[in-house]
Amino acid sequence: MRPDLFQAPDYYLLDELLSDEHKMVRDAAREWVKREVSPIIEEYAQKAEFPNQIINGLAEIGAFGPYIPEEYGGAGLDQISYGLIMQEIERGDSGVRSTASVQSSLVMYPIWKYGNEEQRMKYLPKLASGEFIGCFGLTEPDYGSNPSGMVTNFKDKGDHYLLNGAKMWISNAPFADIAVVWAKDETGRIHGLIVERGMEGFTTPETHNKWSLRASATGELIFDNVKVPKENLLPNKSGLGAPLGCLDSARYGIAWGAIGAAMDCYDTALRYAKERIQFDKPIAGTQLQQKKLAEMITEITKAQLLTWRLGVLRNEGKATSAQISMAKRNNVDMAINIAREARQILGGMGITGEYSIMRHMMNLESVITYEGTHDIHLLITGLDITGIPAFK
């Protein structure tokens, strides 16, 4: 792959809306991605392998639980800092950002928000440092967009719970040390359980032959009469709202992350269009290519403003689930369209591993589906503005 020459577009001078801390956190993540991710990511995507050697670096830039309080090992940063870190990591690769998103929003977040103090102290510092890697078990083979129908369940056996069921499409599953698993009790109420690798009957087979998120480890979670200690139940929230609260945090990070992928595709296409000579002039001097590039920077700028405002609302505790859905849906759709247009500008070179565009495009096909599909998020907005559910 070519050297990483990325220059971030900031057409509306959004840097002026960021604090010095925001910019410091972002720039540290950006430099780390250029130094540690860009030189190796194409190789790992081609061989469909997660680069485990970057885990310590992710921890060092604060990518694991950036908003978790320092007393639990987190960086104690605000929501805009979290978003900016996700943006910079996804600029490198969506699969790497997925690893950080899952660790932060789907593992550390529920332990922090729904766990007790003993659970927080036991798990959060090790997750923040990268000593532990976690995963999140919600989606099942027969229940994706309708998680309330899950069949994974646990029974009270007196001194422990007995867990049975299966989860699929689980990022980090093949090498995770712990899993935050959502399952129904004997009354049908959904609860979160912390399942640790090594518990008898718990296996995590890897999912192979993916065309997307190839540098991310994906797998299943299989529970065959797994004995889970009672102290591993998250006590402070139950019901479907508990996992959905985690998804709000993760979807917010995705909204920022997708901007990173879009910016990388735009920057690559702009540089290529200025250098590629056809008919005795750069193709950037043709109307059709300028149309593509102008529309790209317009959409990126709109998405930047959308997520910045959403970050302010998150910091103030005002952001709604529906507002987060709108940003996730809009920004991922924006990014995948920019990836496709950028690929067109590069012509045949756009499908090669010499450039990042095709990898981003394939990754975004997963991002537009996971943590709420493109269509489901549209229906969430529809419900919010009409008050009428139309999911079935």
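By the naming in an unreviewed UniProt entry, the protein chain goes by glutaryl-CoA dehydrogenase (ETF) and is assigned to Flavobacterium microcysteis. Among the UniProt annotations of the protein chain, the heading Cofactor (unreviewed entry) holds the following wording: "FAD". Under the UniProt heading Catalytic activity (unreviewed entry), the entry covering the protein chain gives this text: "glutaryl-CoA + oxidized [electron-transfer flavoprotein] + 2 H(+) = (2E)-butenoyl-CoA + reduced [electron-transfer flavoprotein] + CO2".

Each α-helix turn comprises 3.6 residues. Residues three or four places apart therefore point the same way. With 13 residues, helix H10 (residues 374–386) should cover 18 Å at 1.5 Å per step; its first-to-last C-alpha distance of 19 Å lies within 8% of that length. Regarding H10, the residues found buried are His374, Ile376, His377, Ile380 and Thr381. Contacts made by the buried residues of H10 are with helix H6 (241–275) and helix H8 (321–346). Of the residues one or two after H10, Gly387 is the one with positive phi, at around 80°.

Moving on, we get to the pairing of strand S1 (residues 134–137). Both faces of the sheet carry side chains from a regular strand, because those side chains alternate between them. Residues of S1 alternate between two faces, with Gly134 and Phe136 on one and Cys135 and Gly137 on the opposite face, all of them buried. By the bridge criterion, four bridges tie S1 to strand S4 (residues 178–184) in an arrangement that is parallel. Residue pairing in the sheet places Cys135 in a bridge with Ala179 of S4.

Okay, the nonpolar core next. Counting residues in hydrophobic clusters, the biggest one holds 65 residues, and the most contacted among them are Leu58, Phe64, Ile89, Ile111, Leu127, Ile178 and Trp182. Membership of the second largest hydrophobic core comes to 36 residues, among which are Ile259, Tyr272, Ile297 and Tyr355.

Here we take up the domain arrangement of the protein chain. Entries for the protein chain in the domain assignment read domain 1 (14–129), domain 2 (134–237) and domain 3 (241–386). Contacts between domain 2 and domain 3 engage nine residues on the former and 11 residues on the latter. For the pairing of domain 2 and domain 3, the buried interface totals around 910 Å² over both sides, and the portion due to carbon and sulfur atoms is 76%. At the junction of domain 2 and domain 3, the tally comes to zero salt bridges. On inspection of domain 2 and its partner domain 3, the count reaches four residue pairs in polar contact (both at pLDDT 80 or more).

Turning next to the UniProt feature "domain: Acyl-CoA dehydrogenase/oxidase C-terminal" (unreviewed entry) in the protein chain. Mapped onto the present numbering, the UniProt feature "domain: Acyl-CoA dehydrogenase/oxidase C-terminal" (unreviewed entry) falls on residues 238–380. For residues 238–380, the end-to-end C-alpha separation is 22 Å, with 76% helix and 3% strand making up the annotated structure.

Here we take up the environment of Tyr252. Position of Tyr252 among the secondary structure elements: in helix H6. Considered as a pair, Tyr252 and Ser104 are 148 residues apart in the sequence and their alpha carbons are 12 Å apart. With residues near it in sequence (within four places) discarded, Tyr252 still touches Gln79, Ile80, Tyr82, Gly83, Thr307, Leu310, Gly311, Arg314 and Ile324. At 2.8 Å, the side chain of Tyr252 and the backbone oxygen of Gln79 are in polar contact.

The rules behind these values
Residues numbered from 1 in each chain as written. Predicted model: local features only at pLDDT ≥ 70, side-chain atom pairs only at ≥ 80, totals over all residues. Heavy atoms only, no water. UniProt positions renumbered as here; feature names shortened; annotations may be inferred. Helix = DSSP H or I, 4+ residues; strand = E, 2+ residues; numbered from the N terminus. Expected span 1.5 Å × (residues − 1). Buried < 20%, exposed > 50% of the residue type's maximum accessible area, 1.4 Å probe, protein only. Contact = heavy atoms within 4.5 Å. Pairing = 2+ DSSP bridges. Core = buried A, V, L, I, M, F, W, Y, C linked by side-chain atoms within 4.5 Å. Domains from an automatic or database assignment. Buried area = accessible area lost by both parts, 1.4 Å probe. Salt bridge = Lys/Arg side-chain N within 4 Å of Asp/Glu carboxyl O. Polar contact = N/O pair within 3.5 Å; in protein donor to acceptor, adjacent residues only side chain to side chain.

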